[in-house]
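# Understanding the architecture of this molecule
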Amino acid sequence: MARISPLMILPPAIFAALAGLFAAGMLRDNPDELPSALIGQEAPTTALGTLPGKPAFDPAILADGEVKLVNFWASWCAPCRVEHPNLAALADEGLPIYGINYKDDAENAGDFLAELGDFYTAVGTDDGPAARDWGVYGVPETFVVDGEGRIVARMAGPVTQRAITQRLQPALDEAASR
């Protein structure tokens, strides 16, 4: 009888493990949503820089009793330009939105807000540490923070009307009910 080498079992075992991993990723609750270890945790309080002429964003304000959004954005980010009117509409409805300008030139960031409108309650700047602490993969990313300063939801990508309806509004409702 021929002996089977243990090395012959290795490729099918690796394939089965990868197939299981891919299936688990495709079958999770919301495959469009990136996981975040910060959901339910207090928002990071990493010190932020300031954008000239804009109110400074002190992360301690996140536990002020109000539901709010924290939006990471940059002037060089095309999707940030797309989401800007949708965020402005949410701000017009009374939702406080705090901005963190990510790895951007201060003059370009100011020009971006002057051109498209500045609805941010306060703006901070970040060269990387805050984004790392928040678990940001890239801009734009938006976080729903409850009144106690805990992160309720994370949304990677631009805030579109569809995203507001399907993901953001339910998270805002959940945060308000706490």
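For the structure itself, consult the block above.
What counts and how
- Residues numbered from 1 in each chain as written.
- Predicted model: local features only at pLDDT ≥ 70, side-chain atom pairs only at ≥ 80, totals over all residues.
- Heavy atoms only, no water.
- 1 Å grid on protein atoms, 1.4 Å probe; cavity = no way out; pocket = protein on both sides within 12 Å on 5 of 7 lines; lining within 4 Å.
- Points joined across faces, edges and corners; volume = space filled by probe spheres on them.
- Buried < 20%, exposed > 50% of the residue type's maximum accessible area, 1.4 Å probe, protein only.
- Helix = DSSP H or I, 4+ residues; strand = E, 2+ residues; numbered from the N terminus.
- Pairing = 2+ DSSP bridges.
- Disulfide = S-S within 2.5 Å.
- Salt bridge = Lys/Arg side-chain N within 4 Å of Asp/Glu carboxyl O.
- Contact = heavy atoms within 4.5 Å.
- Axes fitted to C-alpha atoms, helices over the stretch in contact; angles between N-to-C directions.

What follows concerns empty space enclosed by the protein. Counting across every chain of the model gives one cavity of 30 Å³ or more. By volume, the largest cavity is sized at about 30 Å³.

Our next topic: the pairing of strand β6 (residues 151-156). Working note: regular strand, side chains alternate between the two faces of the sheet. Judged by how many residues are buried, β6 sits mostly within the fold: five of six residues are covered. Two strands pair when backbone bridges link them, and strand β5 (residues 141-145) and β6 are joined in this way by five bridges, in the antiparallel orientation. Within β6, the residue paired with Glu141 across the bridge is Ala156. Counted along the chain from β5 to the antiparallel partner β6, the turn is five residues long, and its residue Gly149 has a positive phi close to 85 degrees.

This part is about the state of the cysteines. Tallied over the entire structure, the rule returns one disulfide. Each sulfur of the disulfide joining Cys77 and Cys80 lies 2.4 Å from the other. Here Cys77 and Cys80 share a disulfide; its torsion about the S-S bond, 85 degrees, makes the bridge right-handed. Comparing Cys77 with Cys80 shows no difference in burial state: the two are buried.

Mapped onto the fold, Glu115 is located in helix α3 (residues 106-116). A relative accessible area of 55% places Glu115 in the exposed class. As for Glu115 and Val159, which are separated by 44 residues in sequence, their C-alpha atoms are 19 Å apart.

Below, the discussion takes up the pattern of salt bridges. On inspection of all chains with the given rule, the structure shows seven salt bridges. Here Asp146 and Arg150 are joined by a salt bridge, their closest N and O atoms 3.1 Å apart. Two residues, Arg150 and Glu148, come together in a salt bridge whose shortest N-O distance is 2.4 Å. Arg150 sits in the partly exposed class, given a relative accessible area of 23%.

As a further point, take the sheet that holds strand β3 (residues 97-102). The pairing of strands in a sheet comes from backbone hydrogen bonds and takes either a parallel or an antiparallel form. The six strands lie next to each other as β1-β4-β3-β2-β5-β6, forming an open sheet whose pairing is mixed. Two strands close off the open sheet at either side, each with one partner strand: β1 (49-50) and β6. Here helix α2 (residues 78-92) sits on the sheet in contact with β2 (68-73), β3 and β5, set at roughly 160 degrees to β2. The strands that helix α5 (residues 161-176) touches are β2, β5 and β6; relative to β6, the one it contacts most, it runs at about 165 degrees.

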